[in-house]
Amino acid sequence: MKALPRGLPPANSRKWHSRRWWDQLGYLRVRSLANPNWPRDMPWLIRWFRRERSAALPDEQVLYDRAITAAQAYARTPIGSADAERAWDRVLMPVDELLARRQAMHLDRVRRVQAEHGHASTQDHRNP
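Procedures and definitions
Residues numbered from 1 in each chain as written. Predicted model: local features only at pLDDT ≥ 70, side-chain atom pairs only at ≥ 80, totals over all residues. Heavy atoms only, no water. 1 Å grid on protein atoms, 1.4 Å probe; cavity = no way out; pocket = protein on both sides within 12 Å on 5 of 7 lines; lining within 4 Å. Points joined across faces, edges and corners; volume = space filled by probe spheres on them. Helix = DSSP H or I, 4+ residues; strand = E, 2+ residues; numbered from the N terminus. Nonpolar A, V, L, I, M, F, W, Y, C, P; charged D, E, K, R; others polar. Buried < 20%, exposed > 50% of the residue type's maximum accessible area, 1.4 Å probe, protein only. Contact = heavy atoms within 4.5 Å. Axes fitted to C-alpha atoms, helices over the stretch in contact; angles between N-to-C directions. Parallel < 35°, antiparallel > 145°, perpendicular 65-115°, else oblique. Core = buried A, V, L, I, M, F, W, Y, C linked by side-chain atoms within 4.5 Å. Salt bridge = Lys/Arg side-chain N within 4 Å of Asp/Glu carboxyl O.

### With respect to the layout of surface pockets
- In this structure, the largest pocket encloses a volume near 320 Å³.
- The wall of the largest pocket is formed by 19 residues, among which Trp22, Asp23, Glu60, Arg102 and Arg109 lie closest to the centre.
- Only helix 1 (16-22), helix 4 (58-76) and helix 5 (82-126) provide two or more residues apiece to the lining of the largest pocket.
- Counted by class, the lining of the largest pocket contains 9 nonpolar, 3 polar and 7 charged residues.

Pasting the structure below:
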């Protein structure tokens, strides 16, 4: 199984108590999709991807489409076959790309906020 993307806390991390509300895809990836004991309920997962796709940014919708297509292909793959794990990794690839994009956007927003606050505090010191 494909390793978790960088930046995601492990499944047992306390960070998920609050993070799961704003990072549902990450929570799903860590808690269910990375769990070899998860039953891999493809009809449910495809519905979940479709629901999330409807609210996604246009450039993210393509990745949701890829995840849906890969999940449909996985559902047709015989369980236990040599291709099953590769097919599962193909489901995870667009999910991980979505998570990497979101992590990069999040870090960019944090840097911008920090820069704005740093700039504002410098102005405050010059203009008492």
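Text resumes after the structure shown.
### Some details on the environment of Leu45
- Here Leu45 is to be found in helix 3 (residues 42-54).
- Look at Leu45 and you get buried, because its relative accessible area is 0%.
- With 27 residues separating them in the primary sequence, Leu45 and Gln72 have C-alpha atoms 9.7 Å apart.
- Setting aside residues up to four positions removed in sequence, Leu45 forms contacts with Leu28, Leu33, Trp38, Trp88 and Val91.

### Quick word on the packing of helix 3 against helix 4
- Where helix 3 meets helix 4, the axes come as close as 9 Å, and the angle between the chain directions of the two elements is 170 degrees. By the angle between their directions, the pair helix 3 and helix 4 is classed as roughly antiparallel. In this structure, helix 3 uses Met42, Ile46, Phe49, Arg50, Glu52 and Arg53 to contact helix 4, whose residues at the interface are Gln61, Tyr64, Asp65, Ala67, Ile68, Ala71, Gln72, Tyr74 and Ala75.
- Residues of the contact of helix 3 with helix 4, tallied by class, amount to 9 nonpolar, 2 polar and 4 charged.

### Points about the nonpolar core
- Within the largest apolar cluster, 27 residues are counted, with the highest numbers of intra-cluster contacts made by Leu25, Leu33, Leu45, Phe49, Trp88 and Val91.
- Sorting the residues of this core by element identifies helix 2 (24-33), helix 3, helix 4 and helix 5 as the ones contributing at least two each.
- Leaving out residues up to four positions away in the same chain, Leu33 has contacts with Met1, Leu28, Trp38, Leu45, Trp88, Leu92 and Val95.

### Some points on the pattern of salt bridges
- Enumeration according to the criterion identifies 11 salt bridges in this entry.
- Close ionic contact of Lys2 with Asp96 constitutes a salt bridge, the shortest N to O distance being 2.9 Å. Separated by 94 residues along the polypeptide, Lys2 in the segment before helix 1 and Asp96 in helix 5 bring together distant segments of the chain.
- In this structure, the salt-bridge partner of Arg102 is Glu60, at a minimum N-O distance of 3.1 Å. With Arg102 in helix 5 and Glu60 in helix 4, this residue pair connects regions lying 42 residues apart in the sequence.
- Using a relative accessible area of 25% as the deciding quantity, one classes Arg102 as partly exposed.
- By relative accessible area, Glu60 is classed as buried at 6%.
- When salt bridges that share partners are traced, they join Lys2, Arg29 and Asp96 into one network.

It is worth stressing that arrangement in space is one thing and function is another; only the former is reported here.
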